[in-house]
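Spelled out from the first residue to the last, the chains are:
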Amino acid sequence: MAQIFSLEYPQSLGLYDDYEEAQRVVDYLSDQEFPVENVLIVGTDLKQVERVTGRLTWGRVILSGIASGAWFGLLIGLLLGIFAAEGQWLSAVLTGLVLGIVWGGILSAVFYGLQRGQRDFSSVKTILPGKFEILVEHKHLARGQELLAHRPGAGATF
């Protein structure tokens, strides 16, 4: 799998401010019959961004744990219900659901309590690139540069 994301002696063909522009460049190269299977678009200047989505309270934590536990318990109950004896399907599903709710609430409360207020907020994280670099195998660099020099509206920085 890692081999698909590597090139032999990669060289920079250009650096772009957004992914869409880099994608348009590769599309242009493809239209010019450039061997685009020798191209990588690489996000560079990475930064981690964390968006705080809310304050955590005991009530929110336990309710979230109950909801997660309910879904997990329902899944387990349905799986057990497949193998349950005749007429016991509903009982297996309800047992899984109830146990999921109970254990989801308990475990979420325990884990939140162990944090001792060090992280009283919920958030989502992502990694965002600042620039997008187009890399090509060294043997195709000159042809790529020649094609891009004649591209209308070229906006790469080298």
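Residues numbered from 1 in each chain as written. Predicted model: local features only at pLDDT ≥ 70, side-chain atom pairs only at ≥ 80, totals over all residues. Heavy atoms only, no water.

Chemist: Which parts of the structure should I look at to understand the UniProt feature "domain: General stress protein 17M-like" (unreviewed entry) in the protein?
Modeler: According to UniProt, the "domain: General stress protein 17M-like" (unreviewed entry) feature falls on residues 12-100. Segment residues 12-100 splits into 56% helix and 22% strand. End C-alpha atoms: 53 Å apart. (UniProt positions renumbered as here; feature names shortened; annotations may be inferred. Helix = DSSP H or I, 4+ residues; strand = E, 2+ residues; numbered from the N terminus.)

Chemist: Which parts of the structure should I look at to understand the packing of aromatic side chains?
Modeler: Remark: the centre distance and the inter-plane angle together describe each pair of aromatic rings, the angle taken between the planes. One pass over the full model with this rule turns up two aromatic pairs. On the basis of an interplanar angle of 70° and a centroid distance of 5.7 Å, the ring pair of Tyr 19 and Phe 132 is categorised as edge-to-face. In this pair, Tyr 19 is assigned in helix α1 (residues 19-31) and Phe 132 in strand β5 (residues 131-137), connecting sequence segments 113 residues apart. Looking at Tyr 19, the relative accessible area reads 35%, which means it is partly exposed. The exposure class of Phe 132 is buried, given its relative accessible area of 12%. Between the aromatic rings of Trp 58 and Tyr 112, the centroid separation amounts to 4.8 Å while the plane-to-plane angle is 85°, which identifies the pairing as edge-to-face. Placement of the pair is Trp 58 in helix α2 (residues 58-82) and Tyr 112 in helix α3 (residues 89-115), with a sequence separation of 54 residues. Classification of Tyr 112 as buried rests on a relative accessible area of 11%. (Phe/Tyr/Trp six-rings, centres within 6.5 Å; stacked < 30°, edge-to-face > 60°. Buried < 20%, exposed > 50% of the residue type's maximum accessible area, 1.4 Å probe, protein only.)

Chemist: Which parts of the structure should I look at to understand the nonpolar core?
Modeler: Nonpolar side chains in soluble globular proteins generally cluster together in the buried interior. Judged by nonpolar contacts, the single largest core of 15 residues is most densely connected at Leu 13, Leu 29, Ile 134 and Leu 148. Elements supplying a minimum of two residues to this core: β1 (10-16), α1, β5 and α4 (141-149). The biggest single contributor to this core is α1, with five residues. If near-sequence neighbours (up to four positions away) are discounted, Ile 134 is found in contact with Gln 11, Ser 12, Leu 13, Gly 14, Tyr 16, Ala 22, Val 25, Val 26, Val 39, Leu 40 and Ile 41. (Core = buried A, V, L, I, M, F, W, Y, C linked by side-chain atoms within 4.5 Å. Contact = heavy atoms within 4.5 Å.)

Chemist: Quick question: what am I supposed to make of the environment of Asn 38 here?
Modeler: Within the secondary structure, Asn 38 is located in the loop between α1 and β2 (39-44). Residue classification places Asn 38 among the buried residues on the basis of a relative accessible area of 12%. In this view, Asn 38 contacts Leu 7, Leu 135, Val 136, Glu 137 and His 140; residues no more than four positions away in its chain are not counted. In terms of polar contacts, Asn 38 uses its side chain to reach the side chain of His 140, at 3.4 Å. (Polar contact = N/O pair within 3.5 Å; in protein donor to acceptor, adjacent residues only side chain to side chain.)

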